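Commentary on secondary and tertiary structure
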Amino acid sequence: MASMYAVYHGPDGLRAIAAETAAKAALLRDWLVDAGAEVVHEAFFDTIRVRVPGRAAEYAAQAHDGYGILLHVADADTVGISVDESTTVGELHQVAMVFNGKQERAFAVMGGRNALPDGLLRQDEYLTHPVFHAHRSETAMMRYLKSLADRDYALDRGMIPLGSCTMKLNAATEMAAITWPEFAGIHPFAPASDVQGYLELVDQLEGWLAEVTGYDAVSLQPNAGSQGELAGLLAIRGYHHANGDANRTVCLIPSSAHGTNAASAVLAGMKVVVVATDELGNVDLGDLRAKIAQHDDELAALMITYPSTHGVYEQDVVEITTAVHEAGGQVYVDGANLNALLGYARFGDLGGDVSHLNLHKTFAIPHGGGGPGIGPVAAKAHLAPFLPSHPLAQRAEHAGGFVFEGGPISGAPYGSAGVLPISWAYVRMMGADGLRRATAAAVLSANYIAARLGEHYPVLYTGENGRVAHECILDLRPLKEATGISVDDVAKRLIDFGFHAPTMSFPVAGTLMVEPTESEDIGEIERFIEAMIMIKAEADAVAAGRWDVADNPLVNAPHTAVSLIAGEWTHPYTREEAAYPVHSLVAGKYWPPVRRIDQAYGDRNLVCACPPVEAFA
Ligand SMILES: *Cc1c(COP(=O)(O)O)cnc(C)c1O
């Protein structure tokens, strides 16, 4: 949204918006000075501060109650006022009246007015790329956005079977409410009287999440799963501190863990000690006991993901959590994989002391493109006093509390509150029975894929009953050995078949981790299975010598339209085999916009499309 704002307005538009904003702030300053108010700064852009000794709260209340305007109470003696391009002159007038300004303001001449020091005004050119100059009408902007969307592979085209990152349907009814001004137009620090609806929603959702996880307290403040991890680990540290156990700083993390786990532990000031996993993908109990004994009274916590990132329910989870507790440690259960448990089992009952959930995975908030997410942290009663708080939280019980090393975990008391209605609606509409059935469908679908594809690609890890949880890891290393076709080739070839690739080489290199979720129906799942079986047959054809190892539909995938029609076709397979490996694609095909670009080269080397540094000399 922010980048498209810049694309639409361009440098001239942004400058005009800024000039208008600065002019409004300057006009307000003039009116306030006129009314005898003491404006603190001479130079400012969009925000002014007014000194009102001892009466800041009183002025804020007058503005709020009289006009519905929120002034910022900076301290007991100062209020802050910000304006932007949406502020009207009428509103400026209302603010002036709060400070006993004139009743009558027929109209105002703002043009050119500002309180910006000349020396700070920007003189150079910015946003010079053509994209910031090309789309100036709503029609043009709409078409630009559509052209970007057409290059994208999203859930509106087909399955995105990314294991460990649940990409499920974000239903229209769940999404609708976040556009309502009652949710979208609220400032995070609005007074409690203005946000009763939000608080009720927060209350209910916290209660539901506590109920389904078996914990006693929930904080919705963290903006991501990783931030929830940090909050949970800080709670553990706070608890140890309060018990006089400041030396407990060692965090045990199995080698299969999501990368965020170790990063969060380091951020929380802990020392990471890795615990091995056995050949079945489970935590190695012997190694766990050894590490516990070795670190003894330094043990702070074990971070464990359940079901594991290997996609299996570890049979020994209770034995594991008990061992940690007996040694005085706390158990952090990474709850991002709740899609495999919801309605059937609860982290609290498995021995967890604290967990985060990913509302932007299990609870239907869209999360492609980086957020906003919500990673609530949920804990047993003994850790509840150490969960995030915020001095400006609208509910008293969230406003105080214990703040361990550095205060609130995010800038707003209820984090990404604007997208909470999505998860609220998901739970409310699914109900207890619906959530249970969703879990059942997700786990059944993953097992169906594992069973159907198992004879073509070995399933790397299963539980003792031979089943997986909500995702399965297909081992492509044997295929590579037998045919030379790599996991990259298979992932790219899936694009030709009209699929987003599954998670590749995580948590095990050379594998694909597939998670269908409950959102995919049997038709789409069969389409995926068919594609994977055909790709295996193509790889076998390479091994059998039908196609050259260096020139076949797999190593050349994905095929763009240009690559198929430009110039002479010299490959040993046909264009139809390249673009339409299954007939159903003829009716509607996703055309990739680009071919392979040097694999990981671009990730490891900064490729800059901007002018070279010398150009600025
Ligand atoms: C996604 C995920 C996380 C991190 O969540 P973010 O919201 O991306 O920070 C942590 N652990 C597991 C197992 C995950 O799948």
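First, a word on scope: everything that follows refers to the structure included in this document. (Residues numbered from 1 in each chain as written. Predicted model: local features only at pLDDT ≥ 70, side-chain atom pairs only at ≥ 80, totals over all residues. Heavy atoms only, no water.)

1. Quick word on the sheet that holds strand S1 (residues 38–39)
Just so we agree on the cut-off: Between any two strands, pairing holds if DSSP finds at least two bridges. The helix count covers DSSP runs of H or I at least four residues long, the strand count covers runs of E at least two residues long, and both are numbered beginning at the N terminus. Only heavy atoms enter the contact rule, under which two residues are in contact if any of them lie within 4.5 Å. Orientation is described by lines fitted to C-alpha atoms, with helices fitted over the stretch in contact, and by angles between N-to-C directions that extend from 0 to 180 degrees.
With antiparallel pairing, the four strands of this open sheet are ordered in space as S1-S2-S4-S3. Lying at the two open borders of the sheet, with one neighbouring strand each, are S1 and strand S3 (72–75). In this sheet, strand S4 (residues 78–82) lies alongside strand S2 (residues 47–51) in antiparallel orientation, the contact comprising five bridges. Of the residues in S4, the one forming a bridge with Thr47 is Ser82. Contacts between helix H1 (residues 2–34) and the sheet are confined to S1, S2 and S4, with S2 contributing the most and set at about 15° to the helix.

2. Structural notes on the pairing of strand S8 (residues 299–305)
What counts here: Buried means the residue's accessible area, taken with a 1.4 Å probe over protein chains only, is under 20% of the maximum for its type, while exposed means over 50%, and partly exposed covers the values in between.
Within S8, seven of the seven residues are buried, which leaves the element mostly enclosed by the surrounding structure. Bridge count for strand S6 (residues 250–254) against S8 is three bridges, and the pairing is parallel. Each bridged residue has a counterpart across the sheet, and for Cys251 the counterpart in S8 is Ala301. One ladder, built from five bridges, connects S8 with strand S9 (residues 330–335); its direction is parallel. Among the inter-strand pairings, Met303 is bridged to a residue of S9, identified as Tyr332.

3. Observations regarding the environment of Arg49
By the element assignment, Arg49 lies in strand S2. The spacing of Arg49 and Asp488 is 439 residues in sequence and 57 Å in space, taken between C-alpha atoms. The contact partners of Arg49, leaving out residues within four places of it in the chain, are Glu38, Val39, Val40, His41, His72, Ala74, Thr78, Val79 and Gly80.

4. Quick word on the pattern of salt bridges
Note the threshold: A side-chain nitrogen of Lys or Arg and a carboxyl oxygen of Asp or Glu constitute a salt bridge if their distance falls within 4 Å.
One pass over the full model with this rule turns up 25 salt bridges. Between Lys168 and Glu518 there is a salt bridge whose closest N-O contact spans 2.8 Å. Separated by 350 residues along the polypeptide, Lys168 in the loop between helix H5 (138–151) and helix H6 (172–176) and Glu518 in the loop between strand S14 (511–514) and helix H17 (522–543) bring together distant segments of the chain. The buried category is assigned to Lys168, whose relative accessible area is 2%. With its nearest N and O atoms 2.8 Å apart, the salt bridge here joins Glu577 to Arg546. Here Arg546 lies in the loop between H17 and helix H18 (561–565) and Glu577 lies in helix H19 (residues 575–579), a separation of 31 residues in the sequence. Given a relative accessible area of 25%, Glu577 falls into the partly exposed group.

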